[in-house]
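Residues per chain are reported as follows:
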Amino acid sequence: MFWTMYALVILNISVYAFAVIYLYIFRKTHEKYIGYWGLSWMIYGIGLVLDILIYNNIPIPFILIGQEIVFSLSIYFLLSGTYIFINRKKPVTWFILLVANILWGFLCLYFNFSYIITVTPLSIYFSIISIYTGIIFLQNWEYEGNEKVATGIAFLLWGVHKSYYFYLHPNFSVSPTSYITEIMLIIGLNSCLVLTYLQKNRMRLIKNEQIFRLLTENSHDMIYLSKYGPEPYFEYVSPNCKKIMGYSQEEFYTNPYLLDDIVHPEDKPLFELTLNPKLSPKESVTLRYRHKNGHYLWIDEYTTLIYDKEGNPFGIEGIMRDNSELILNNERIRQAEKERLQLLSTISHELRTPITTIRGYVDAILDQKIPKKESHQYLQNIQNKVCMLELLINDLFDLSQYESNQIKFKFSQIQVGHLLKNIYNKFEEDVKHVGLSFDLIIDEAVSEREVIVDVERIEQVFNNLIYNAIKHTEKYGNISISCREESRQLSIIQVKDNGTGISDTDLPHIFERFYRGNNNSVEGSGLGLAITKEIILKHQGTIEVSSQLGNGTTFNIRLPVI
């Protein structure tokens, strides 16, 4: 008798201990299935308390019915929690059987059926649910392992035990063996459930970590997690750090101050601001970091401070995105806009000057202020200004076409010597007519090599260079075209004069649109050299200039040869 009561008390304590554990976990995690399990064992404990009352022969008519209802609800909630745990929808059949079992208890109370008749449906209901739960757990639990097998077997044993447990009620047997067996089964079942719960969390953590690593390793951004402490350290740095910053993960792990070391000195105050919990920016900040190769990158950095339960920061989560290309593009756009406005201003000025002159001449003629014998000269001046305007507009249109790739080139293959001889013959008469000597020098090594060019456009290049040389070379001076082989793939063509030369101030700007330096008296649109450069670039070549004031000018054109 004593040992039976003692076993009942131990059983009750065990059940409530597990109920408290489940409810505590539920309070922390809000996992619904944990709540169901805690509620199930709490209700089951109430049933065991009623068992103690029945054992002490307390004459309460409804205790037996109450116990049947309590046990029915207990196994139903255990089943509900398990269905949620394995992500299965619970059939409504189980609820119907629950209601039927409760109604059977009241029916037995009304007709005063015997104990055996009263508890038989509960025994069958309890046993079937437990065994079925074990079966569906073994069939549907997604994670293989000892936890799955142990939990499934524990449910099966629990169900088998419940098939005869109610018949070993204190009214029929005072042996403590059945209660001791139930203590072992409850401890075993709940231990398996807890281990399975831990397995699920562990697998979920592994899966989340795999997803996190998959996202970070395939992200174009660098992601890091840095922790404070007596010695700060990087807990995680995504592999993309090598691609963005040039530094490996190991270099970040071994040097927790690496970001501080490579941030641009001018950006250090803003960098330190991101580490201050009270002043840390809510949005991203743009900082310059030094790449391992030495150049600086523009990095958009998003930082989030991590706080402990006391509200103290203990780490930083950071996302770093290389925005160098975007910032450089924005800079190019701003520069292009600046150049556009400057171009519009220059065009307005270039057009306004001849138009003002033309208008003045026309007004003077219309007002008959010009003597008839001089009117022809004024009309000649008007014609010259109109020709200048036409040249300016044509050159401006051509340059726009070149820069926007709207001109189609007609490339053909031609020997270098043949090309240069044709160009020499075309301009020889014009050069010598103004009293200048004109030479052609072709290295035999390159004379028969071939180039792929648009002959008409290349002639336009030499037209601009030779007539510029004529303008800036005094009588009896010399202009020469020469060619030599720089390498097996490259030839250099030189157009050289011994004229006035170009000052060091003007030399860097001569390929800019409308640039004439300080010599605005020279006729021309100021676009010829800009057009020349665009044509050479379209031939996959380069053009450079060297000059000294008073010692002439040399243009070097490099073109690929085959």
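Look a little higher up for the structure.
All residue numbers refer to position in the chain's written sequence, counted from 1. The predicted nature of this model means local features are confined to residues of pLDDT at least 70 and side-chain atom pairs, given and counted, to a pLDDT of 80 or more, with totals for whole chains, interfaces and linings taken over all residues. With hydrogens and water stripped out, all remaining heavy atoms of the structure feed into the side-chain values.

Caption draft 1: Just the overall build of the protein, in detail. Helix and strand assignments come from DSSP, with helices taken as H or I runs of at least 4 residues and strands as E runs of at least 2, each series counted from the N terminus. On a plain count of helices and strands, the protein comes out with 17 helices and 12 strands. Throughout this description, buried means an accessible area under 20% of the type-specific maximum (1.4 Å probe, protein chains only), exposed means over 50%, and partly exposed covers the range between. Taking all 562 residues of the protein together, 41% fall into the buried category.

Caption draft 2: Local environment of helix α17 (residues 528-538). The buried fraction of α17 amounts to eight of the 11 residues, a majority that puts the element mostly inside the structure. Q540 occupies a position one or two residues after α17 and carries a positive phi of about 60°.

Caption draft 3: View of the nonpolar core. Membership of the largest hydrophobic core comes to 45 residues, with the highest contact counts inside it found for W37, W41, Y44, W158 and I186. Taken together, the elements giving at least two residues each to this core come down to α1 (2-29), α2 (32-55), α3 (63-85), α4 (93-111), α5 (115-140), α6 (146-165) and α7 (177-217). Here, two residues are considered to be in contact whenever any of their heavy atoms come within 4.5 Å of each other. Those residues in contact with W41, other than ones at most four positions away along the chain, are V15, A19, Y22, L78, W158, I186, L189 and N190. Grouping buried Ala, Val, Leu, Ile, Met, Phe, Trp, Tyr and Cys residues that are joined through side-chain atoms within 4.5 Å yields what is termed a nonpolar core. Grouped together as the second largest cluster of nonpolar side chains are 42 residues, F409, Y424, L507 and L527 included.

Caption draft 4: Fine view of the environment of C192. With respect to the element layout, C192 can be found in helix α7. By relative accessible area, C192 is classed as buried at 14%. For the pair C192 and I153, spaced 39 residues apart in the sequence, the C-alpha separation amounts to 9.6 Å. Here C192 is in contact with A150, T151 and A154, once residues within four sequence places are set aside.

Caption draft 5: Fine view of the packing of aromatic side chains. Centre distance within 6.5 Å is the pairing criterion for rings of Phe, Tyr and Trp, where only the six-membered ring of Trp is used; planes under 30 degrees apart are then read as stacked, over 60 as edge-to-face, and the remainder as tilted. One pass over the structure, following the stated rule, counts 27 aromatic pairs. On the numbers, 6.3 Å between centres and 10° between planes, the contact of F85 with F137 is stacked. Of this pair, F85 sits in helix α3 while F137 is found in helix α5, placing the two residues 52 residues apart along the sequence. Per residue, the accessibility class of F85 equals that of F137, and both read buried.

Caption draft 6: Just the sheet that holds strand β7 (residues 437-442), in detail. A pair of strands counts as paired when DSSP detects no fewer than two bridges linking them. Within the open sheet, the five strands sit side by side as β7-β9-β10-β12-β11. Their pairing is mixed. Single-partner strands in this sheet number two, and they are β7 and β11 (542-547). For this sheet the average axis-to-axis angle between neighbouring strands, irrespective of direction, equals 15°. As paired strands, strand β9 (residues 478-487) and strand β10 (residues 490-497) are joined by eight bridges and run antiparallel to one another. Following the sheet pairing, E485 is matched in β10 by S491. Against the sheet, α17 engages β11 and β12 (553-560), with an angle of about 140° to β11. To define axes, lines are fitted to C-alpha atoms, for helices over the stretch in contact only, and angles between the resulting N-to-C directions are given on a 0 to 180 degree scale.

Caption draft 7: Here's a closer look at the pattern of salt bridges. Basic side-chain nitrogens of Lys or Arg form a salt bridge, by our definition, when they fall within 4 Å of a carboxyl oxygen of Asp or Glu. Within this structure, the stated rule accounts for 16 salt bridges. With a closest N to O distance of 2.7 Å, R334 and E331 form a salt bridge. Residue R334 and its partner E331 are located together in helix α12 (residues 324-366), separated by three residues, close to a single helical turn. Among the ionic pairs, R449 bridges to E485, the shortest N-O distance being 2.4 Å.

Caption draft 8: A look at the packing of helix α14 (residues 416-433) against helix α16 (residues 455-472). Put simply, α14 and α16 touch, their axes get as near as 11 Å, and they point 35° apart. The element α14 and its partner α16 pack so that their crossing is right-handed. Between α14 and α16, the residues in contact are L419, L420, I423, K426, F427, D430 and V431 and V455, I458, E459, F462, N463, I466, Y467 and I470, respectively. Class assignment of the residues belonging to the contact of α14 with α16 gives a composition of 11 nonpolar, one polar and three charged. Each crossing is labelled by how the near helix is turned from the far one, with a counterclockwise turn of less than a right angle marking it left-handed and a clockwise turn marking it right-handed. Under this grouping Gly is polar, as are all residues other than the nonpolar Ala, Val, Leu, Ile, Met, Phe, Trp, Tyr, Cys and Pro and the charged Asp, Glu, Lys and Arg.

Caption draft 9: Representation of the side chain of H539. Considering the arrangement of structural elements, one finds H539 in the loop between α17 and β11. What makes H539 buried here is its relative accessible area of 4%. Ignoring any residue separated from it by four or fewer positions in sequence, one finds H539 in contact with F409, F411, I452, V453, D454, R457, I458, L559 and P560.

Read these as layout, nothing more, since geometry by itself doesn't imply function.
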